[in-house]
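The primary structure of each chain is shown beneath.
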Amino acid sequence: LLSPDGALAPTIFAEITAAAVRHDAVNLGQGFPDEDGPIEVLDAATEAIRSGVNQYPPGRGMPVLRDAIADHQHRFYGIDLDPEREILVTAGATEALTAALLALLDGPEDEVVVFEPYYDSYAAAIALAGARLVPVPLRWPALEPDLDDLRAAVSDRTRIILVNDPHNPTGTMFTADVRQEIVLLAERHDALIVTDEVYEHLVMGAAHTPISTLPGAAGRTLTISSGGKTFRTTGWKVGWVSGPADLVDAVLAVKQYLTYVNGAPFQPAIAVGLGLPDTYFDDLAATQRERRDLLGAGLTAAGFDVSIPAGSYFTVADVRPMMAPGEDASDICRALPERVGVAAIPLTAFVTAEHRAQYSSLVRFAACKRTDVIAEAARRLAASA
Ligand code: PMP
Ligand code: GLN
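Residues numbered from 1 in each chain as written. Chains lettered and ligands numbered in written order. Predicted model: local features only at pLDDT ≥ 70, side-chain atom pairs only at ≥ 80, totals over all residues.

**Structural notes on the overall build of the protein**
If you tally the helices and strands in the protein, you get 13 helices and 13 strands. Here the protein has a C-alpha radius of gyration of 20 Å; the compact-globule value for 385 residues is 21 Å, and the two agree. Viewed in the frame of its principal axes, the protein has a C-alpha envelope of about 55 × 50 × 40 Å. The 385 residues of the protein split such that 52% are buried. When contacts within the protein are restricted to residue pairs at least 6 apart in sequence, those whose partners lie at least 24 apart make up 74%. (Helix = DSSP H or I, 4+ residues; strand = E, 2+ residues; numbered from the N terminus. Rg over C-alpha atoms; globule rule 2.2 N^0.38 Å. Buried ≥ 20, exposed ≤ 12 C-beta atoms within 10 Å, placed from the backbone. Contact = placed C-beta atoms within 7 Å.)

Below, the structure is given as C-alpha cells:
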C-alpha cells in the first residue's frame, strides 16, 4: 500500500521517538510538551468522565465545544461563526486536514499548493486523495515564501492552497503580503484555501492573523486548529474545522466514515480551555518565547547557524559542522540520540523526494520542553561540538 513517492512510508516521528526512548535521549524531535496543561482543563475532563460523558457525542461535536470554538474565533479574531452549521469537531487537526483533503479533491487532475517543507501528514493525505502536491519552497536561511514562486505554483489546476501558519517545521509566520497574495490567487483561480493554525497561540511576536479574516477569503476558506498545542493535551486529539456550511458539510461526510465521532469527555474540557482568560494565552506565548531563546542560544553555542522562529514550537538549525563527509542531516538525526543524547528531526522528512538535497543539512529542534530539559540538550550538543 506504500505510495510510489513514499508519502505513506512510516512517519519519522515514530522512528525518532523510539530512538530517543531507546537511548534515554532528550527528545527535541516529536513536538509534544513534557508538562500537563491547565488544571481547569484536566479537571473538566475527569469530571466529564465521572459524570458519564462516555458515549458517542453528536456527529458535529458537542454543542458546548462548538459554542466555545465560535466564542474563541470571535474573541481573538472577530470571526462570526454559526456553531450549528459552520463548525465541525474532529479527531485532532490531523483528521480535519485529511477529511478536508479527501472531501475536496477529485483525483489526479487536482493540485494542492503546499509550502515546503511541510508537516508530513499533508503529503500522505494528498496521496490518499490521489491528487498532486505542488510545493512552494521556503528557502534557507530566510525560510519565507517568495511571491513569484507562489504565483508560479498556483494555476487553474489548483483546487486547494494549503497554508500552515505559524509554520511547522520552520517556525515562519507569513507576512501580510503573502497572506494577501494567497487570497488573490485563490480568487483568480477559483481555488479553496485550507489553513492549519494549530500553533495560533504559540507566537513570539505579533499576534496570529487567520487568512479567513482577509477580504474575500471567508467564503472559500476552511480554518483548522486543535486543542493539542494550546492546552498541552496532544494525546487527547480534539481538533476542529470551521468555514462555509457547504464546505464543512463535505468534511463531515468524510469524517463520519473515518472516526464517526471522537473524544466525548475531552470535548467539554477543551471548551473550558478555550474560555480561559487572556492571561493564560499570554503566558503560553511568553513561556514559548523564553524556551525558543534558550534553545536558540544553545544551538548557536554548539556552533550551528540558527533561524529564529516567529511562532510554533520549532527552531531550524544548519548542522553542517557536525556532518562528516558523505553524511546528511537525516544520518545525523538517526545517530544523534545515541551519539549525543539528543533527538531531533531532519527537514528532509518534510520535503518532496526531488528537493531533499536543498534541505540536506537542516534539522528541526522542538522547544516545547521544560527549560531544564532544553538546557540539558544544549549542554549535550555543546559538549559534542
Ligand atoms: N498540523 C501541524 C502543523 C502540526 O504540527 C500538528 C502536530 N501535531 C498537527 C497538524 C496535528 O495536530 P493534532 O494532534 O491536533 O492532530
Ligand atoms: N506535530 C508534532 C510534530 O510535528 C507531532 C507530530 C506527530 O507525532 N505526528 O512534531
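Once you've had a look at it, read on.
**Things to note about the sheet that holds strand β10 (residues 314-318)**
What the four strands build is an open sheet, ordered β9-β10-β13-β12; its pairing is antiparallel. With partners counted over all chains shown, the strands left at the sheet margins are β9 (305-307) and β12 (345-346), one partner each. Bridge count for β12 against strand β13 (residues 362-366) is two bridges, and the pairing is antiparallel. Looking at the pairing, P346 lines up with V363 of β13. (Pairing = 2+ DSSP bridges.)

**Observations regarding the site of ligand 1**
By nearness alone, 14 residues border ligand 1, and G92, A93, T94, N168 and S226 come closest of all. Sort the elements by how many residues they give to the shell around ligand 1 and helix α4 (residues 92-104) lands first, with three residues. Along the lines of polarity and charge, the residues of the shell around ligand 1 split into three nonpolar, nine polar and two charged. (Near = placed C-beta within 6 Å. Nonpolar A, V, L, I, M, F, W, Y, C, P; charged D, E, K, R; others polar.)

**Structural notes on the UniProt feature "domain: Aminotransferase class I/classII large" (unreviewed entry) in the protein**
Feature annotation in UniProt places "domain: Aminotransferase class I/classII large" (unreviewed entry) on residues 24-380, given in this structure's numbering. Structurally, residues 24-380 is divided into 39% helix and 17% strand, and its ends, taken at the C-alpha atoms, are 13 Å apart. (UniProt positions renumbered as here; feature names shortened; annotations may be inferred.)

**Describing the nonpolar core**
By size, the foremost hydrophobic cluster in this structure holds 123 residues, and its most contacted members are A100, I161, V342 and V363. Residues lining this core come from more than one domain, with at least three contributed by each of domain 1 (12-36 + 279-384) and domain 2 (39-276). (Core = buried A, V, L, I, M, F, W, Y, C linked by C-beta atoms within 7 Å. Domains from an automatic or database assignment.)

**Observations regarding the site of ligand 2**
The environment of ligand 2 is made up of T11, F13, Q30, G31, N168 and A366. A class-by-class count of the residues in the shell around ligand 2 yields two nonpolar, four polar and no charged.

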